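# Report on the structure
Letter by letter, the chains look like this.
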Amino acid sequence: MDLFEYMRSSNMEKESPLAARMRPRTLEEVVGQEHIIGKDKLLYRAIKADKISSVIFYGPPGTGKTTLAKVIANTTSAEFTQINATVAGKKDMEEVVAKAKDLQGMYGKRTILFIDEIHRFNKSQQDYLLPFVEDGTIILVGATTENPYFEVNGALLSRSIIFELLPIPREAIKELLKKAVYDMERGMGAYGAWIDEEALDFLADISGGDARHALNAIELGIMTTNRAEDGKIHITLDVAQECIQKRAVRYDKNGDNHYDTISAFIKSMRGSDADAAVYYLARMLYAGESVTFIARRIMICAAEDVGNADPNALVVATNASLAAERVGMPEAQIILAQAAIYVACAPKSNASSNAVFAAMAEVEKTGNLPIPTHLQDAHYKGAAKLGRGTGYKYAHDYPNHYVEQQYLPYELNGKEFYSPTGNGYEVKIKEHMARIRREGKKSEEDASPFD
């Protein structure tokens with residue numbers, strides 16, 4: 001490193017954002033993530049022993065993925081190289097691999113390659129790494145905010161250990177903020193700032209486990225707040241609220257947050273919890289989820305989980321879908337809320353969905369069984385001569401518009417697919433079907449069809 005490079009690095013270290021300056025340098029300084037870096041955990045032991053293998057760190061922003069990579073860099077005797085997948089290409093990887101081969105061949109030294117935002121690499125870029133990860137030319141350390149099972153090649157996953165990082169606990173965020181405010185070496189201690197407990201609580205809560213988000217807010221507050229009469233910069237609750245205008249919501253329409261939230265939304269409607277349903281609806285709308293997608297899930301839930309216990313649920317859900325698309329946001333949120341709450345509060349039955357699933361399974365098992373002749377179409381050419389439709393009993397010619405006859409294929413005689421429950425309107429359906437069948441049998445025994 002020449003003099004100019006040294007001066008540039010020194011200036012960058014002094015002028016870099018607070019979150020970068022406060023980044024832990026050792027495992028002992030890392031806050032949170034005890035489930036993977038506790039003293040008895042695999043990752044802790046591997047880093048301490050300098051025996052790290054290929055790993056992928058996965059978790060929300062600001063939870064320490066890059067920090068752990070930096071800690072590995074400070075601990076290991078291996079060559080540590082870092083690239084960012086948002087700007088790096090195959091040429092950059094080729095240079096890293098070439099250098100790693102030289103170091104391995106000449107000095108027996110390992111190379112750790114840290115790839116930030118690894119999910120940004122396409123399939124061919126990820127495939128390029130495979131043979132070099134497999135033969136040990138490089139040890140891969142990847143970091144991603146996206147679920148690696150969605151975004152990283154399966155072959156690369158099988159050669160790596162995945163560690164999921166969790167949002168940093170609220171109390172740990174508070175301690176980190178206090179250190180940032182009062183630390184004279186790397187923090188903002190030289191500014192003579194003071195933060196009250198209410199502001200600490202607010203920032204720790206509003207950051208949602210994202211340490212970077214909290215540190216950025218406190219830095220902004222200290223840098224933009226005038227000194228009070230006592231010469232200090234007071235970070236009060238009002239100042240903290242100004243620094244963070246809006247709660248950050250972690251939601252990715254293509255990742256597991258998306259699937260987790262919609263899953264919770266559907267399960268809340270199915271579980272008849274209207275409050276939870278409207279809460280998860282609000283989270284999706286707040287994060288910009290598609291109105292069409294939400295409406296489609298409400299319709300499916302109305303059919304699958306409410307069914308004939310309240311047939312009107314599907315009508316409400318379908319009309320809400322049409323209305324929400326025509327009206328658009330922000331008013332569409334009112335329409336979707338009405339539909340979601342209606343479906344959540346409606347009596348539940350999955351008898352209809354169970355019926356079609358059972359029927360599909362029967363078709364798969366038994367194939368195309370012959371349709372009873374009397375049910376077959378008698379109108380096409382030559383059908384009558386073949387006996388098609390002969391013997392069919394027209395239901396409207398009988399009392400209660402019902403007559404008992406074979407509708408299922410004869411091989412499935414007596415088979416039941418739909419069993420109405422004792423919930424909602426299905427009580428009436430069950431009673432109605434029992435009544436007309438009972439009276440139909442009695443009429444068939446006592447009388448002939450009326451004219």
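Going by the structure above, here's the rest.
Before going into details, it helps to say that this report is about the structure given with it.

Calculation rules
- Residues numbered from 1 in each chain as written.
- Predicted model: local features only at pLDDT ≥ 70, side-chain atom pairs only at ≥ 80, totals over all residues.
- Heavy atoms only, no water.
- Pairing = 2+ DSSP bridges.
- Helix = DSSP H or I, 4+ residues; strand = E, 2+ residues; numbered from the N terminus.
- Axes fitted to C-alpha atoms, helices over the stretch in contact; angles between N-to-C directions.
- Contact = heavy atoms within 4.5 Å.
- Patch = residues over 30% accessible without salt bridge, like charges linked within 9 Å, V, L, I, M, F, W, Y side chains within 5 Å.
- Areas by Shrake-Rupley, 256 points an atom, 1.4 Å probe, with all protein chains shown as cover.
- Salt bridge = Lys/Arg side-chain N within 4 Å of Asp/Glu carboxyl O.
- Parallel < 35°, antiparallel > 145°, perpendicular 65-115°, else oblique.
- Nonpolar A, V, L, I, M, F, W, Y, C, P; charged D, E, K, R; others polar.
- Buried < 20%, exposed > 50% of the residue type's maximum accessible area, 1.4 Å probe, protein only.
- Right-handed = clockwise from strand over helix to strand, strands pointing away.

## So, the sheet that holds strand 3 (residues 111-116)
Taken in spatial order, the five strands of this open sheet run 2-3-4-1-5, and their pairing is parallel. On the outer flanks of this sheet lie strand 2 (79-84) and strand 5 (161-164), each paired with one strand and no other. Neighbouring strand axes in the sheet, compared pairwise and without regard to direction, differ in orientation by 15° on average. Where helix 5 (residues 65-75) meets the sheet, it contacts strand 1 (55-58), strand 2, strand 3 and strand 4 (139-144), and its direction lies at approximately 145° from that of strand 1. Each of strand 2 and strand 3 touches helix 6 (residues 90-107); the most contacted strand, strand 2, lies at about 175° to it.

## Focus on a nonpolar patch on the surface
A cluster of nonpolar side chains, namely V356, F357 and M360, defines an oily patch on the protein surface of about 320 Å² accessible area. Position of V356 among the secondary structure elements: in helix 19 (residues 351-366).

## Considerations on the packing of helix 6 against helix 7 (residues 123-134)
As a packed pair, helix 6 and helix 7 sit with axes 10 Å apart at the nearest point and diverge in direction by 10°. Of the possible angle classes, the one that applies to helix 6 and helix 7 is roughly parallel. Listed contacts from helix 7 to K90, M93, E94, V97 and K101 of helix 6 are Q125, Y128, L129 and F132. Across the contact of helix 6 with helix 7, the residue classes tally to five nonpolar, one polar and three charged.

## A word on helix 11 (residues 197-206)
Each α-helix winds once per 3.6 residues, and so residues spaced three or four apart point in a common direction. The set of residues buried in helix 11 consists of A199, L200, F202, L203, A204 and I206. Looking at the buried side of helix 11, the elements it contacts are helix 10 (170-182), strand 6 (193-195), helix 12 (211-224), strand 7 (233-235) and helix 13 (237-243). Immediately downstream of helix 11, the backbone of G208 shows phi near 60°, a positive value.

## A look at the pairing of strand 2
Bridge analysis of strand 2 against strand 3 gives six bridges, and the strand direction is parallel. When the sheet's bridge partners are listed, I83 is paired in strand 3 with I115. As a crossover connection, the stretch from strand 2 through helix 6 into strand 3 is right-handed.

## Examining the pattern of salt bridges
Tallied over the full model, the rule gives 18 salt bridges. For the salt bridge of K123 with D127, the shortest nitrogen-to-oxygen distance reads 2.9 Å. Of this pair, K123 and D127 both sit in helix 7, four residues apart, which is roughly one turn of that helix. What makes D127 partly exposed here is its relative accessible area of 28%. The residue R270 makes a salt bridge to D305 at a minimum N-O spacing of 2.9 Å. Taken together, the positions of R270 in helix 14 (residues 256-270) and D305 in helix 16 (residues 291-306) put the pair 35 residues apart, joining distant regions of the chain. A relative accessible area of 7% places D305 in the buried class. Each of the salt bridges in this network shares a partner with another, and the network as a whole consists of R170, E171, K174, E197 and D201.

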